[in-house]
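The chain contents come next:
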Amino acid sequence: MIDWFSIVMGTALFLMMIPMVYRIWVGPTPFDRMLAVNVIGTKTAVLLVIIGTLFGRVDMFVDFAIAYALLNFVSAIVVSRYLNRTVSLRDMEEKEKAKEVEA
Amino acid sequence: MIHVQAVLPVVAEAVDKGGGIFPLQLIGFALGVLGLVFFLGTAVGMIRFPDFYTRMHAAGKGDTLSTMLMLAGFALVTMEDFSLGSWLLVVKIMAIVLFLYITCPTSTHALMRAAFEDDEMPLEEKDLAKRKKK
């Protein structure tokens, strides 16, 4: 029963990752792609726990899941810092005010 | 082992067949399926929403909640006896849940801030009307 449940849950999770791959493929902005990668990484931690349940070694696979979640978080923060052009919000507001004055 | 024969006839049949279901595991199955439902919402939102910020709304919330529900469900499913090892396992899985509960909104927020400072503007109604005309 537990095996059946694990197989069904893992297959459903894997099938629902396909929309995320679609978003990575056609995403108009790089932020869309990074968001989909983030979602897939979070779900992979769950998938590792499911695989551990199937193999009967959850105590080992849980550590893998913790490490994967850590790496996923770090990669999301680093890529969002990299994509950021570090234009501060105050500069943007000044730019908009200048545009309004010109118009 | 908890005696369930008197509680639920269906569960009692499964136990007689050797399946070995506990009420705790039934709660775990329910939590896992609920998590799948929330993740389905995330998947549909990622495809159908028109804008980066709306997609982030779908992904950020549904991702965190469905991960928490599924991990809690598997923590209950894998708990066969109440020994020290299985309690340690539950504590470890709950540590993942706690960690994701902190980091998922943080990474979503960082990504949103990067997009907003990168002059990525949200859609307005005129943009939607323009898109419909095409």
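Residues numbered from 1 in each chain as written. Chains lettered and ligands numbered in written order. Predicted model: local features only at pLDDT ≥ 70, side-chain atom pairs only at ≥ 80, totals over all residues. Heavy atoms only, no water.

Draft legend 1. Structural detail: the overall build of chain A. Helices and strands together make up the secondary structure of chain A, namely 5 helices and 0 strands. Ordering the α and β elements of chain A from the N terminus gives α-α-α-α-α. Relative to its 103 residues, chain A shows a buried fraction of 45%. For chain A, the proportion of contacts with a sequence separation of at least 24, taken over those separated by at least 6, is 53%. Put simply, chain A shows about 6,100 Å² of open surface, and 68% of that area lies on carbon and sulfur atoms. (Helix = DSSP H or I, 4+ residues; strand = E, 2+ residues; numbered from the N terminus. Buried < 20%, exposed > 50% of the residue type's maximum accessible area, 1.4 Å probe, protein only. Contact = heavy atoms within 4.5 Å. Areas by Shrake-Rupley, 256 points an atom, 1.4 Å probe, with all protein chains shown as cover.)

Draft legend 2. View of the interface of chain B and chain A. Contact residues are listed per partner, giving 47 residues for chain B and 48 residues for chain A. Of the roughly 4,500 Å² buried at the junction of chain B and chain A (both faces included), carbon and sulfur atoms supply 77%. At the surface where chain B touches chain A, the tally comes to 3 salt bridges. Close ionic contact of Arg55(B) with Asp32(A) constitutes a salt bridge, the shortest N to O distance being 2.9 Å. Residue contributions to the side of chain B that touches chain A peak at 17 residues, all from helix H4 (residues 84–117) of chain B. Of the residues assigned to the side of chain B that touches chain A, the class counts are 28 nonpolar, 10 polar and 9 charged. (Buried area = accessible area lost by both parts, 1.4 Å probe. Salt bridge = Lys/Arg side-chain N within 4 Å of Asp/Glu carboxyl O. Nonpolar A, V, L, I, M, F, W, Y, C, P; charged D, E, K, R; others polar.)

Draft legend 3. View of the packing of aromatic side chains. Under the criterion given, the structure shown has 7 aromatic pairs over all chains. What links up through ring pairs into an aromatic cluster is the set Phe5(A), Phe29(B) and Phe74(B). The ring of Phe39(B) carries the charged tip of Lys43(A) above its face, separated from the ring centre by 4.7 Å. (Phe/Tyr/Trp six-rings, centres within 6.5 Å; stacked < 30°, edge-to-face > 60°. Lys NZ or Arg CZ within 6 Å of the ring centre and 35° of its normal.)

Draft legend 4. Spotlight on a negative patch on the surface. Taken together, the side chains of Glu93(A), Glu94(A), Glu96(A) and Glu100(A) define an acidic patch exposed on the protein surface. Looking at the element boundaries, Glu93(A) is found in helix H5 (residues 89–102). (Patch = residues over 30% accessible without salt bridge, like charges linked within 9 Å, V, L, I, M, F, W, Y side chains within 5 Å. Lys, Arg positive; Asp, Glu negative; His and termini not counted. Charge placed at Lys NZ, Arg CZ, Asp CG, Glu CD.)

Draft legend 5. Inspection of the pattern of salt bridges at higher detail. Inspection of every chain in the model, using the stated rule, returns 5 salt bridges over all chains. A salt bridge links Lys43(A) to Asp63(B); the shortest N-O distance between them is 3.4 Å. With Lys43(A) in helix H3 (residues 30–55) and Asp63(B) in helix H3 (residues 52–77), the pair connects residues from two separate chains. A single burial state applies to Lys43(A) and to Asp63(B), both of which are buried.

Draft legend 6. Spatial organisation of the side chain of Lys43(A). What makes Lys43(A) buried here is its relative accessible area of 0%. Among the polar contacts made by the side chain of Lys43(A), one reaches the side chain of Asp63(B) at a distance of 3.4 Å. If sequence neighbours within four positions are ignored, Lys43(A) has contacts with Leu13(A), Met17(A), Phe39(B), Asp63(B), Ser66(B), Thr67(B) and Met70(B). (Polar contact = N/O pair within 3.5 Å; in protein donor to acceptor, adjacent residues only side chain to side chain.)

Draft legend 7. Quick peek at the environment of Gln25(B). Of note, Gln25(B) is situated in helix H2 (residues 23–48). It is 4.6 Å that separates the C-alpha atoms of Gln25(B) and Val77(B), two residues lying 52 residues apart in sequence.

Draft legend 8. Spatial organisation of the nonpolar core. Formed by 49 residues in total, the largest nonpolar core has its most connected members in Leu13(A), Met20(A) and Leu71(B). Secondary structure elements with two or more residues in this core: helix H1 (2–16), H3 and helix H4 (58–83) of chain A together with H2, H3 and H4 of chain B. Per-element accounting of this core gives the leading share, 12 residues, to H3(A). In this structure, Leu71(B) is in contact with Val46(A), Val49(A), Ile93(B), Ile96(B), Val97(B) and Leu100(B), ignoring residues within four places of it in sequence. (Core = buried A, V, L, I, M, F, W, Y, C linked by side-chain atoms within 4.5 Å.)

Draft legend 9. Fine view of H1(A). Over its 15 residues, H1(A) extends 21 Å from the first C-alpha to the last, a length consistent with the 21 Å expected when each residue adds 1.5 Å. In the core, the buried residues of H1(A) are packed alongside helix H2 (18–26) and H3 of chain A together with H2 and H3 of chain B. (Expected span 1.5 Å × (residues − 1).)

Draft legend 10. Fine view of the confidence of the model for chain A. Mean pLDDT over chain A stands at 86; residues scoring 70 or higher make up 93%. Least confident of the elements in chain A is H5(A), whose mean pLDDT is 77; most confident is H2(A), at 91. (pLDDT = per-residue confidence, 0-100.)

Draft legend 11. Quick peek at the environment of Thr103(B). Summarising the element assignment, Thr103(B) is placed in helix H4. In the structure, Thr103(B) is positioned 39 residues away from Thr64(B) in sequence and 9.3 Å away in space, judged by C-alpha atoms.

Draft legend 12. Molecular detail of the packing of H2(A) against H2(B). Contact geometry for H2(A) and H2(B): axes closest at 9 Å, N-to-C directions at 25°. Compared by their axis directions, H2(A) and H2(B) come out roughly parallel. For the crossing formed where H2(A) meets H2(B), the hand is left-handed. Note on element contacts: H2(B) touches H2(A) through Phe39(B), Thr42(B), Ala43(B), Met46(B) and Ile47(B), opposite Pro19(A), Met20(A), Tyr22(A) and Arg23(A). Its residues placed into classes, the contact of H2(A) with H2(B) shows 7 nonpolar, 1 polar and 1 charged. (Axes fitted to C-alpha atoms, helices over the stretch in contact; angles between N-to-C directions. Parallel < 35°, antiparallel > 145°, perpendicular 65-115°, else oblique. Left-handed = near helix turned anticlockwise from the far one by under 90°.)

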